[in-house]
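Architecture and fold: a report
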Amino acid sequence: GLVTDLYVLESARGKGVGALLLKAAEAHANTMGLSVLRIQSLTANSEAIAFYEGRGYAPYELTLSKRIG
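So, here is what we can say about the structure in this document. What you are looking at is a predicted structure, and each value in this text was computed from that prediction instead of being measured. (Residues numbered from 1 in each chain as written. Predicted model: local features only at pLDDT ≥ 70, side-chain atom pairs only at ≥ 80, totals over all residues. Heavy atoms only, no water.)

Turning to the packing of aromatic side chains, a few remarks are in order. For the structure shown, the criterion picks out two aromatic pairs. When the ring of Phe51 is compared with that of Tyr52, the centres are 5.4 Å apart and the planes differ by 70 degrees; the resulting orientation is edge-to-face. Judged by centre distance (6.5 Å) and plane angle (65 degrees), the rings of Tyr52 and Tyr57 are edge-to-face. Given a relative accessible area of 7%, Tyr52 falls into the buried group. Take Tyr57: its relative accessible area is 15%, and that puts it in the buried class. One aromatic cluster in this structure is built from Phe51, Tyr52 and Tyr57. (Phe/Tyr/Trp six-rings, centres within 6.5 Å; stacked < 30°, edge-to-face > 60°. Buried < 20%, exposed > 50% of the residue type's maximum accessible area, 1.4 Å probe, protein only.)

See the structure below:
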């Protein structure tokens with residue numbers, strides 16, 4: 001499974017909302033019979049990356065980008 005976006009309003013951050021959303025996504029993926037759940041984050045979003053890594057997620061893939069034209 002793939003979570004492309006997980007957003008919590010700034011006023012709700014640090015209250016467990018993100019953890020509940022992620023847990024719900026994991027439960028849904030599990031009921032679908034999936035054995036892996038991936039989540040995407042911008043590399044500059046170190047707060048989100050630390051949040052995901054703290055919940056057992058690890059880097060899987062790196063996509064490089066370059067503005068042209």
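On we go.
Okay, the layout of surface pockets next. Put simply, the largest pocket is a space of about 1,300 Å³. Forming the walls of the largest pocket are 38 residues, and the residues nearest its centre are Ile39, Gln40, Ser41, Leu42 and Tyr52. Breaking the lining of the largest pocket down by element, the ones donating at least two residues are helix 1 (17-31), strand 2 (38-39) and helix 2 (46-53). The biggest single contributor to the lining of the largest pocket is helix 2, with six residues. Its residues assigned to classes, the lining of the largest pocket shows 20 nonpolar, 10 polar and eight charged. (1 Å grid on protein atoms, 1.4 Å probe; cavity = no way out; pocket = protein on both sides within 12 Å on 5 of 7 lines; lining within 4 Å. Points joined across faces, edges and corners; volume = space filled by probe spheres on them. Helix = DSSP H or I, 4+ residues; strand = E, 2+ residues; numbered from the N terminus. Nonpolar A, V, L, I, M, F, W, Y, C, P; charged D, E, K, R; others polar.)

Attention now goes to the environment of Arg55. Among the secondary structure elements, Arg55 is positioned in the segment after helix 2. Taking the C-alpha atoms as reference points, Arg55 and Leu37, 18 residues apart in sequence, are found 12 Å from one another. Setting aside its immediate chain neighbours within four residues, Arg55 contacts Ala19 and Leu22. Separated by 2.9 Å, the side chain of Arg55 and the backbone oxygen of Phe51 make a polar contact. (Contact = heavy atoms within 4.5 Å. Polar contact = N/O pair within 3.5 Å; in protein donor to acceptor, adjacent residues only side chain to side chain.)

The next thing to look at is helix 1. For helix 1, with 15 residues, the first-to-last C-alpha span of 21 Å sits near the 21 Å given by 1.5 Å per residue. Where helix 1 is concerned, the buried positions are Gly18, Leu22 and Ala29. An end-on view of helix 1 places all buried positions within 30 degrees of arc, on one side of the element. The exposed set on the far side of helix 1, more than 90 degrees from its buried face, consists of Leu20, Lys23, His28, Asn30 and Thr31. Contacts made by the buried residues of helix 1 are with strand 2 and helix 2. Just beyond helix 1, the residue with positive phi is Gly33, at close to 85 degrees. (Expected span 1.5 Å × (residues − 1). Arc of directions from axis to C-beta.)

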